[in-house]
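Geometric and topological summary
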Amino acid sequence: MFEHRPNLVAFCGFMVAVCLALLAGCGPGTPTAAAVPVNLAAAAGNAVVTLTWTASSGATGYNVKRATTSGGPYTQLAQLAAATSTGYTDSSVTNGTAYYYVVSALDAAGESANSAQASATPEAPGVPPAAPTNLTATAGNAVVTLTWTASSGATGYNVKRATTSGGPYTQLAAPTSTGYTDSSVTNGTAYYYVVSALDAAGESANSAQASATPEAPSVPPAAPTNLTATAGNAQVSLTWSASSGATSYHVKRATTSGGPYTQIAAPTSTSYTDTSLTNGTTYYYVVSALNSAGESVNSAQVSAVPSTPPPTTFGTWINVTPSGVDLTDTLDCGNYGAVTVQADPAHPSNLYTEFNCQGIWKTADYGATWAGPINTGTNGAAVGDCSGGIAISPFSTASVPTIYESCIRGSGEGFWKSVDGGVNWTPYVVAPTTRQDYYPPVIDPYDEDHLLMTGHEFDSLVESVDGGQNWTSVPLANGMLQNGGTGFVFFINTGNASTTRGTWLWMAQVSGGTYGTWRTSNSGAAWVQVDQNEHTLGAAQIYQPDTNGVVYMAGQYSALGWGVLRSNDYGQTWAHVGMTNNETVVFGTSENVYAMFGVPVGPGGFTDPLFEVAAQPGTGTWVAPGTPAGLTQGSAQISVVNDGVHNIFVGAMWNSGVWQYIEP
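Notes on the structure follow. (Residues numbered from 1 in each chain as written. Predicted model: local features only at pLDDT ≥ 70, side-chain atom pairs only at ≥ 80, totals over all residues. Heavy atoms only, no water.)

What follows deals with the overall build of the chain. Helix and strand content of the chain: three helices and 49 strands. Its C-alpha atoms give the chain a radius of gyration of 57 Å, clearly above 26 Å, the size a compact globule of 664 residues would have. With the C-alpha coordinates aligned to their principal axes, the bounding extent of the chain is approximately 200 × 75 × 45 Å. By residue count, 47% of the 664 residues in the chain fall in the buried class. Sequence-distant contacts, at least 24 apart, represent 56% of the contacts inside the chain between residues at least 6 apart. Summed over all atoms, the accessible surface of the chain reaches about 28,800 Å², with 53% contributed by carbon and sulfur. The chain carries 14 positive and 40 negative side-chain charges, and their two centres are separated by 23 Å. (Helix = DSSP H or I, 4+ residues; strand = E, 2+ residues; numbered from the N terminus. Rg over C-alpha atoms; globule rule 2.2 N^0.38 Å. Buried < 20%, exposed > 50% of the residue type's maximum accessible area, 1.4 Å probe, protein only. Contact = heavy atoms within 4.5 Å. Areas by Shrake-Rupley, 256 points an atom, 1.4 Å probe, with all protein chains shown as cover. Lys, Arg positive; Asp, Glu negative; His and termini not counted. Charge placed at Lys NZ, Arg CZ, Asp CG, Glu CD.)

Moving on, we come to the state of the cysteines. Linking two cysteines covalently through their sulfur atoms gives a disulfide. On inspection of all chains with the given rule, the structure shows two disulfides. Paired by a disulfide, Cys386 and Cys407 hold their sulfur atoms 1.9 Å apart. Of note, the bridge from Cys386 to Cys407 carries an S-S torsion of about -110° and is left-handed in sense. Of the two residues, Cys386 sits in the loop between α2 (380-384) and β29 (387-392) while Cys407 sits in strand β30 (residues 403-409), which places them 21 residues apart along the sequence. Among the residues examined, Cys386 registers a relative accessible area of 0% and is labelled buried. Its relative accessible area of 0% is what places Cys407 among the buried residues. With cysteine numbering restricted to those in disulfides and following the sequence, the chain has the pairing 1-2, 3-4. (Disulfide = S-S within 2.5 Å.)

With that settled, consider the sheet that holds strand β40 (residues 528-531). Taken in spatial order, the four strands make up an open sheet running β37-β38-β39-β40, and their pairing is antiparallel. At either end of the open sheet lies a strand with only one pairing partner, and these are β37 (488-491) and β40. The average undirected angle you get between the axes of adjacent strands in this sheet is 30°. As defined by bridge partners, strand β39 (residues 517-520) adjoins β40 across three bridges and the pair is classed as antiparallel. Note that in β40 the partner of Arg519 across the bridge is Val528. (Pairing = 2+ DSSP bridges. Axes fitted to C-alpha atoms, helices over the stretch in contact; angles between N-to-C directions.)

The next subject is the environment of Ser196. Examined against the element boundaries, Ser196 turns out to sit in strand β14 (residues 191-199). By relative accessible area, Ser196 is classed as buried at 0%. Between the C-alpha atom of Ser196 and that of Lys160, which follows or precedes it by 36 residues, the distance is 8.2 Å. Residues in contact with Ser196, not counting those within four places in the same chain, are Pro132, Gly156, Tyr157, Asn158, Lys160, Glu203, Ser204, Ala205 and Asn206. One polar contact links Ser196 to Glu203, side chain to side chain, over a distance of 2.4 Å. (Polar contact = N/O pair within 3.5 Å; in protein donor to acceptor, adjacent residues only side chain to side chain.)

The next subject is the sheet that holds strand β28 (residues 360-363). The antiparallel open sheet is built from three strands, whose spatial order is β26-β27-β28. The sheet is open, and its two borders are formed by β26 (338-344) and β28, each paired with just one other strand. Averaged over all neighbouring strand pairs, the angle between strand axes comes to 25°, with direction disregarded. As defined by bridge partners, strand β27 (residues 347-355) adjoins β28 across four bridges and the pair is classed as antiparallel. Note that in β28 the partner of Leu351 across the bridge is Thr363.

Okay, the nonpolar core next. Core analysis: the biggest nonpolar cluster contains 28 residues, and Leu461, Trp504, Trp527 and Ile542 have the highest contact counts within it. Mapped by element, the contributors of at least two residues to this core are β37, β38 (504-507) and β41 (551-555). Discounting residues that sit within four places of it in the chain, Leu461 has contacts with Leu452, Met453, Thr454, Thr472, Ser473, Val474, Leu476, Val489, Trp504 and Trp527. Ala34, Val64, Val93 and Tyr99 belong to the second-largest nonpolar core, a separate cluster that totals 18 residues. (Core = buried A, V, L, I, M, F, W, Y, C linked by side-chain atoms within 4.5 Å.)

Per the counting criterion, the structure on display carries 22 aromatic pairs. With a centroid separation of 5.5 Å and 75° between ring planes, the pair formed by Trp317 and Phe611 is classed as edge-to-face. One end of the pair, Trp317, is in strand β25 (residues 317-319); the other, Phe611, is in the loop between β45 (592-596) and β46 (612-615), with 294 residues separating them in the sequence. Exposure remark for Trp317: the relative accessible area of 4% places this residue in the buried category. For the pair Phe587 and Phe649, a centre-to-centre distance of 5.1 Å together with 80° between the ring planes defines the contact as edge-to-face. Remark: Phe649 occurs in strand β48 (residues 647-652) and Phe587 occurs in strand β44 (residues 585-588); sequence separation between them is 62 residues. Comparing Phe587 with Phe649, the two get one shared label, buried. Taken together, the ring pairs connect Trp317, Phe587, Tyr594, Phe611, Phe649 and Tyr661 into an aromatic cluster. (Phe/Tyr/Trp six-rings, centres within 6.5 Å; stacked < 30°, edge-to-face > 60°.)

This part is about the environment of Gln469. Tracing the chain through its elements places Gln469 in the loop between β35 (461-464) and β36 (472-473). Spatially, the C-alpha atom of Gln469 lies 97 Å from that of Thr176, the residues being 293 residues apart in sequence. Look past the residues within four positions of Gln469 in its chain and what remains in contact with it is Tyr428, Val429 and Ser464.

Encoded structure:
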């Protein structure tokens, strides 16, 4: 029996298995797992996700599974045993991370398939944005424009309005930008605005209040009218008519006609005095009117030239003609008296003149007394028989001056030179032409050997660069060819030796304005007519007080007016100053500017000297102090010297002789 025990055990095992199999086949059918959960939803919170689903029939529990990638793989998060548990709160999450969930159901038969996936991203709780700042309200015509600074995180704004400061406010609009235009306003009404910011967390507090009152547009005033400018001493007084509605004015000034203008004052009245000006400068003015709407256009332009008042005290002309001179006889060479008077710049007490047909005379006491004739040496007799005049360089520094004489009539007709103060004389032929009747030369201020001369009643301008020994012709423009007239030429001192050398002013003899005044800046290579002014027969004298551009000339037929003309630009453009007399010479001192008239009428003739004067710079009022009865003919040329105390004028007055005037 002992040997067969293992077979018995095997048999018993087999029978147990058969019995169990039979018992299993005795049930109602094959069991199935619970249904898949449906309606899974995931709701995010702050570091939490809450899950809910619909219960599965027959389920005895659920498996909650989670992944951080859509579609898994999923990790089981929890197993809920209660059949009625259809929700779960996942507190093991991180804000900002997306989580993906599925749920399966459990029963005695096993586990269902996974539910449909649901996902959620937990977030920290939000807070409303800060209130907007920098709210501004700008009024317009039936409109108010609002702008403000954006609030961080805001997704929109509420614009609110009231008609009472502080509210209550009514919401007006909900823009998403940082600006809004309110067009539902009435001009003249004050409106008060606040703005709040919004985001998903809610609405901010209101901004600070801003207000505006829309108004209909106003217009700038009309330009001022009746602007006048009255010149004074270093000042100009302006007045104008008021512009309706204007609250103030802008006074503007220029030194060029038409501007550009610079604003110099903003008065509220209708007048202004511009002070600290430069006498002799032309100033141009306009005025505009202003109010809250803006500025008007400029008024019509006016101009004025401030100047010093005219002198009130005057010297007296004294006849200083030497007794040995005959001014009443025509003499053989044609006696027109004294035509030129020249000062020795190195010795201003010494002056020289040539009396027609009666030689060269000299004074050593500023013209008070004269001695002569002094042309007693070589060719002295020929030089003495001359109807003409003399010239001395106004800038010579020699101990004895070089004197030039040009004669248009007499046995001495032609060009002469003395290097010893008028005693001995040397003739030089003016080679370019056969005629030798020329007027006295003018001398380059920077080169005593550089001379210009014009022909007597014929078209000729000649130039010498060696003190008159040799001459060349200078071409004239066609408009300068008078065919019988006498042109007068002058150097214009530019302050520069090189440019002065070729800058000349040429004046035609009086013709009714046909030929006028011409200028060259390149030694006659090209000429430009600068005015219609012309000189009276036989005499002309310009005046340059310095080298800053001011030049005076006098004459007839200028379209600007007869008499004295003044230039600020070395003779390129001109303006009329002084009276409208027919003047021939202009001269001056540091105090005053003078003009006088003279013409060769011969012995016994009479012409009004028309003596006139103005304070420097000659742009103000000119006055006529008159001349003595014995001064029956005006000047042909005047020299100005100074004795250390006074300015002294010594004038060649044709057949009235030589006269002296001491400036007070």
